[in-house]
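# Examination of the molecular architecture
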Amino acid sequence: MKNKNSKKTKLIVCLILGLIFPARLLSMTGERPVKYDLKVELLPETHTLQASETIVWTNLTQDYVPDIQLHLYWNAFKNELSTVARESRMEKLFKRYRVKKDEWGWIKITSMTTADGQDLMPAASFISPDEPPNPFDQTVLRVVLPQPVAPGQSVTLNLEFQAKVPRNGLRAGYYQDGFFISQWFPKPGVYEEGKGWNCHQYHLNSEFFADFADFQVKITVPEKFVVGACGEEVGKTVDSKTGKATYTYVQQNIHDFAWTASPRFIKVERLFKADEEVTAEEYRQVADLLGLSLEEIKLPDVRMILLIEKQHRNQIERHFKALKAALKYYGLWFGPYPYRTITMVDPPFRTGSGGMEYPTLFTAGTSVILEKDVLSPEGVIIHEFGHGYWYGMVANNEFEEAWLDEGINTYSTGKTVAAAYGPGKLPLRLNGLPLSWFIKLPAVYDWQTDRLFSSTVAKLDPIVTLSWKFYNSGSYALNVYQRASTCLYTLERLLGQKTMAKIMRTFQMRYRFQHPKTEDFIKVVNEVSGKDLTWFFQEFFFNTKDFDYAISSVETTEKPDKFEGIFDDQPVKNSNHQKPEPKKKKQKIYETTITLRRYGEARIGPKEKLKLKVEFEDGSVEWREWDGQSRWVRFTFEKPSRVKTAVLDPDCIWLVDTNFSNNSYSASGPGHKILAFQSNLLWLMQNLLLTLSCLL
């Protein structure tokens, strides 16, 4: 009776949702390369999964494909010889993953056949596609097919597999009876026409890349567990004899599937009602900004689901407020959210799964002690939701060009947080205690901290670097997140807010449900701006050039009444025979020479100009411009007043400048210099602490 009522309830809910949520999957109706049918049971006592999987892979290229390559990500946590374990040992300061005895994780395919029953296990072997090769890594499995898959044809693989949940396996793990399950099933790489399979092994500093697919997943857990997953829950059955519940989730056009289960979750649902969250004036302003009609920027309603740990129940409203802000601003600026649901997870304690994104689901992460003016967990919620736009819908290859998600989303997060909340205080803690209890910390915008972070790695690695080829985890994180974001903020200041807004909207909507590359983003920038900004990306994304323009010296001397020396006589004729004017007291004239230097290798574009603003003691202001191509330039001023201040780039367009302290001059004397030094030292300490906290 209970099962029947449950089915009836689900049917009624689905019908109601069909009326509430408009059909808006028209942009997602194209053919997907992959279809998944997964059935999995969680066995909490042994921390294992027992699963079956049917993969239907369709060849949408003109190639004849002889094999299929599968990611088996959890084998990264199988032993000390995996690529992840090896790369972790290379880290000198921070080890994001530590191999611990008896906490291994793995995935094992026990059966693999074609639709007609042919056994594929003898044709399967592990490969190591990346340099340097690692013959001990088992995260990529190559399966030679009985015959090549012709263009337009499909192959079906039926698999049985077992998996051991890693104790803390980088984004997936368990603690007591709380589980977060991600990257848990055999998943094909992306086949690229003329190139073959793009299927990298699991690396310490990389995330993921997969084709868009349709999913149907049945998850069986103990009845007392609360479950959350990607997609929409469309069914639930309970077996009273075994005490187990099976949940069914479906979702079209996503490229990954993650889920979580814990008896300690509180599940709360709310509806994002667009007409209540966005005013008519806000719609009008955004339409004017983007040059679009009101209909084009109209937002849909979205069902919001929160799974939150019981000890954090007093934070429910803060979580939903942040999620509403993310749905609102990402939707208005970049395009409407196209799915019916979004699930927000306060991840199970000590599972190593906080702050991570999956299609239609993300994990945030919080603590029992919160600070009023520190935007945490708000910043994490907005950031991880935002990945649903760039990682989720635009879906670049994060193994090879991580910045297209991480950097763009860090930039997007900063703008959303600023619009919704304004500046926030720095989230610094010591042994779990907020430093704001003891020190008065400043409120800052994300772009300010992004710039500070990025200045430390400008000469270490290019932003566009294979994820596993960065110098270390710090260089990877600070380049693809903060430095890429700083470059985008610089681009916005260079082009103007309106042009940048159109660039971001165009890139998001044009490449939804595709796999764009850096050159695609550059093409959009050039097209929308009407300028060739290839130089910008060459200087700041593909090179390790330091950008540092400076005022190197300001020298002022009083111009003398007479100059000593021998001069040729220059007789002056006075045809009118006028009486000479009485002598007046001569005004002092000061000659000031300001030298600008380019200390870094990076340069501004050939058509750009650096502005110099010079203010004199009499209140007058002079402006000069420099093309910035040479190593130095001098400007000379003759004025009846001394220089008071000089500022290079007074509008702070070039946020990529790694040393702002040499961009200005003041005649205030040594006291001013001391204050400047103290200020710089404070920011350096804050930068160091923030960097350490983000890498721990």
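The following refers to the structure shown. What you see is a predicted model; the values in this text were computed from it and never measured. (Residues numbered from 1 in each chain as written. Predicted model: local features only at pLDDT ≥ 70, side-chain atom pairs only at ≥ 80, totals over all residues. Heavy atoms only, no water.)

### Quick notes on unusual backbone geometry
As a reminder of what qualifies: Starting at the N terminus, helices and strands are each numbered in turn, a helix being any DSSP run of H or I of at least four residues and a strand any DSSP run of E of at least two.
The omega angle of the peptide bond from Glu131 to Pro132 is -5 degrees, so this bond is cis rather than trans. The topology assignment puts Pro132 in the loop between strand 5 (124-126) and strand 6 (140-149). The omega angle of the peptide bond from Ser376 to Pro377 is 20 degrees, so this bond is cis rather than trans. Mapped onto the elements of the fold, Pro377 is located in the loop between strand 22 (361-363) and helix 7 (378-394). Positive phi, close to 60 degrees, is recorded for Arg350, a residue that is not glycine. Mapping Arg350 onto the fold places it in the loop between strand 20 (341-345) and strand 21 (356-358).

### Regarding the sheet that holds strand 31 (residues 632-639)
To keep things clear, this is the line we draw: Here, any two strands with at least 2 DSSP bridges between them count as paired. Lines fitted to C-alpha atoms define the axes, with helix axes restricted to the stretch in contact, and inter-axis angles between N-to-C directions lie between 0 and 180 degrees.
The strand order 27-28-31 describes an open sheet built from three strands, whose pairing is antiparallel. Both outer strands of the open sheet, strand 27 (549-559) and strand 31, are each paired with one neighbouring strand and no more. Strand-to-strand twist in this sheet, taken as the mean axis angle between neighbours without regard to direction, amounts to 15 degrees. The sheet contact formed by strand 27 and strand 28 (residues 589-598) spans 10 bridges and is antiparallel. By the bridge assignment, Ser553 is partnered in strand 28 with Thr595.

### Quick notes on the pattern of salt bridges
Once their charged atoms are close, side chains differing in charge can pair, the charge on each being opposite to the other. Where we set the bar: We count a salt bridge whenever a side-chain nitrogen from Lys or Arg sits within 4 Å of a carboxyl oxygen from Asp or Glu. Relative accessibility under 20% of the residue-type maximum defines a buried residue, over 50% an exposed one, and the middle range a partly exposed one, all with a 1.4 Å probe and only protein chains included.
Considering all chains together, one arrives at 28 salt bridges under this definition. Salt-bridge contacts for Arg171 lead to Glu207; the nearest nitrogen and oxygen are separated by 3.9 Å. Of this pair, Arg171 sits in the loop between strand 7 (154-164) and strand 8 (173-175) while Glu207 sits in the loop between strand 12 (196-198) and strand 13 (213-222), and the two are 36 residues apart along the sequence. For the pair formed by Arg171 and Glu207, the shared burial category is buried. When the shortest N-O distance is used, the salt bridge between Lys425 and Asp373 registers 4.0 Å. Separated by 52 residues along the polypeptide, Lys425 in strand 23 (residues 424-425) and Asp373 in the loop between strand 22 and helix 7 bring together distant segments of the chain. Put simply, Glu233, Lys267, Glu269 and Arg303 are held in one network by salt bridges that share partners.

### Examining helix 7
Counted only if it meets this: What a helix is expected to span follows from its residue count: subtract one and scale by 1.5 Å.
If you check helix 7, its first and last C-alpha atoms are 23 Å apart, about what 17 residues at 1.5 Å a residue would give, namely 24 Å. Of all the 17 residues making up helix 7, 16 are buried; the element is thus mostly covered by neighbouring parts of the structure. One or two positions beyond helix 7, positive phi appears at Ala395, with a value near 55 degrees.

### Section: the pairing of strand 20
Successive residues of a regular strand alternate their side chains across the two faces of the sheet. For strand 20, the tally of buried residues reaches five of five residues, placing the bulk of the element in the interior. Neither face of strand 20 is left uncovered, since the one carrying Thr341, Thr343 and Val345 and the one carrying Ile342 and Met344 both have all their residues buried. Relative to strand 20, strand 19 (residues 302-309) runs parallel, the two sharing five bridges. Bridged to Arg303 within strand 20 is Thr341.

### Looking at the packing of aromatic side chains
Here is the rule we go by: Two rings from Phe, Tyr or Trp (for Trp, the six-membered ring) form a pair when their centres sit within 6.5 Å of each other. Planes less than 30 degrees apart are called stacked, planes more than 60 degrees apart edge-to-face, and all others tilted. Charge-over-ring placement is defined geometrically: NZ (Lys) or CZ (Arg) within 6 Å of the ring centre, and within 35 degrees of the ring normal.
This structure, assessed with the given rule, holds 47 aromatic pairs. The interplanar angle of 65 degrees and the centroid separation of 5.9 Å between the aromatic rings of Phe616 and Phe637 together place this pair among those described as edge-to-face. Residue Phe616 is located in strand 29 (residues 610-616), and its partner Phe637 is located in strand 31; the two are separated by 21 residues in the primary sequence. With relative accessibility at 1%, the residue Phe616 sits in the buried group. One cation-aromatic arrangement involves Arg493 over Trp447; the distance from NZ or CZ to the ring centre is 4.5 Å. Looking at Lys639, its charged tip hangs above the ring of Phe616, at a distance of 5.1 Å from the centre.

### Some details on a nonpolar patch on the surface
Quick note on the threshold: Exposure above 30% relative accessible area and the absence of a salt bridge qualify a residue for a patch, where like charges join within 9 Å and nonpolar side chains (Val, Leu, Ile, Met, Phe, Trp, Tyr) within 5 Å. Only the protein chains shown count as cover for residues, and the accessible areas themselves come from Shrake-Rupley with a 1.4 Å probe.
A cluster of nonpolar side chains, Val368, Ile369, Leu433, Trp437, Phe438 and Ile439, forms an exposed patch at the surface whose accessible area comes to about 610 Å². Assignment of secondary structure puts Val368 in the loop between strand 22 and helix 7. Of the residues examined, Val368 reaches a relative accessible area of 58% and is grouped as exposed.

### Some remarks on the sheet that holds strand 18 (residues 265-272)
Test applied: In this description, contact between two residues means that some pair of their heavy atoms is separated by no more than 4.5 Å.
Here five strands make up an open sheet; going across it, the order is 18-19-20-22-21 and the pairing mixed. At either margin of the open sheet sits one strand with a lone partner, and together these are strand 18 and strand 21. Neighbour-to-neighbour, the strand axes of this sheet turn through a mean angle of 15 degrees, independent of strand direction. Pairing of strand 20 with strand 22, which is carried by three bridges, proceeds in the parallel orientation. Paired with Met344 across the strands is Phe362, a residue of strand 22. The strands touched by helix 6 (residues 316-334) are strand 18, strand 19, strand 20 and strand 22; relative to strand 19, the strand with the most contacts, the crossing angle is about 145 degrees. Where helix 7 meets the sheet, it contacts strand 20, strand 21 and strand 22, and its direction lies at approximately 40 degrees from that of strand 21.

### A few points about the environment of Met112
In this structure, Met112 sits in strand 4 (residues 106-114). The buried category is assigned to Met112, whose relative accessible area is 1%. As a C-alpha pair, Met112 and Glu53 span 59 residues in sequence and 9.4 Å in three-dimensional space. With near-sequence residues (within four places) excluded, Met112 lies in contact with Leu70, Gln118, Asp119, Leu120, Met121, Ala124, Leu141, Val143, Leu157, Asn158 and Leu159.

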